[in-house]
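Spelled out from the first residue to the last, the chains are:
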Amino acid sequence: MPFLLTTVASVAADLSGSGIVVIVGLGMLVAWAVSLLLHPYTACGSCKGTPRSYGSIATRSFRLCPSCSGTGRRLRLGARIWPQNRA
Ligand SMILES: [Zn+2]
């Protein structure tokens, strides 16, 4: 275990500032990809997630949001990198 710690320390010492930036950037990219896997949808921008538009005269009648076809959700930007989000 001390060998592993010294290896990690020497690798960290060898890294320049740009190397650390690259590693942090890669970490943020991986976190974003995992976030897209766990939560691929966001609220529809047109209806804000409430896809029924009710009439003012016939108040029980409604139409569905044409942007999301009544689902109230949209795939997040980049969510298609995961195969299960490609339709
Ligand atoms: Zn909508």
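Residues numbered from 1 in each chain as written. Predicted model: local features only at pLDDT ≥ 70, side-chain atom pairs only at ≥ 80, totals over all residues.

## With respect to the overall build of the chain
1) Next: Helix and strand counts for the chain stand at two helices and four strands.
2) Next: Counting from the amino terminus, helix and strand elements in the chain follow one another as α-α-β-β-β-β.
3) Next: Every one of the 87 residues in the chain was classed for burial, and the buried ones make up 1%.
4) Next: Of the contacts formed within the chain by residues at least 6 apart in sequence, a portion of 47% connects residues at least 24 apart. (Helix = DSSP H or I, 4+ residues; strand = E, 2+ residues; numbered from the N terminus. Buried ≥ 20, exposed ≤ 12 C-beta atoms within 10 Å, placed from the backbone. Contact = placed C-beta atoms within 7 Å.)

## Brief notes about unusual backbone geometry
1) Next: Positive phi is not limited to glycine here, since Lys-48 has a value of about 55°.
2) Next: Position of Lys-48 relative to the elements: it lies in the loop between β1 (41-43) and β2 (52-54).
3) Next: Owing to 10 C-beta atoms within 10 Å, Lys-48 belongs among the exposed residues under this scheme.

## A look at the environment of Tyr-54
1) Next: Along the chain, the position of Tyr-54 falls in strand β2.
2) Next: Separated by 10 residues in the primary sequence, Tyr-54 and Leu-64 have C-alpha atoms spaced 9.0 Å apart.

## A short note on the UniProt feature "transmembrane region" (unreviewed entry) in the chain
1) Next: The UniProt record annotates "transmembrane region" (unreviewed entry) at residues 20-38.
2) Next: Secondary structure over residues 20-38 splits into 100% helix and 0% strand, and the C-alpha atoms at its two ends are 27 Å apart. (UniProt positions renumbered as here; feature names shortened; annotations may be inferred.)

## A closer look at the confidence of the model for the chain
1) Next: Per-residue pLDDT for the chain averages 88, and the proportion of residues at 70 or more is 87%.
2) Next: Confidence, expressed as mean pLDDT per element, reaches its minimum in the chain at helix α1 (residues 2-14) with 66 and its maximum at β1 with 96. (pLDDT = per-residue confidence, 0-100.)

## So, helix α2 (residues 17-38)
One full turn of an α-helix is made of 3.6 residues, so residues set three or four places apart face in the same direction.
1) Next: Taking 1.5 Å of rise per residue, the 22 residues of α2 would be expected to cover 32 Å, and the 32 Å separating its terminal C-alpha atoms lies within 8% of that figure.
2) Next: Summarising burial for α2: zero of the 22 residues are buried, a small minority. (Expected span 1.5 Å × (residues − 1).)

## A look at the environment of Trp-32
1) Next: Along the polypeptide, Trp-32 turns up in helix α2.
2) Next: Placed 47 residues apart in sequence, Trp-32 and Ala-79 show a C-alpha to C-alpha distance of 9.8 Å.

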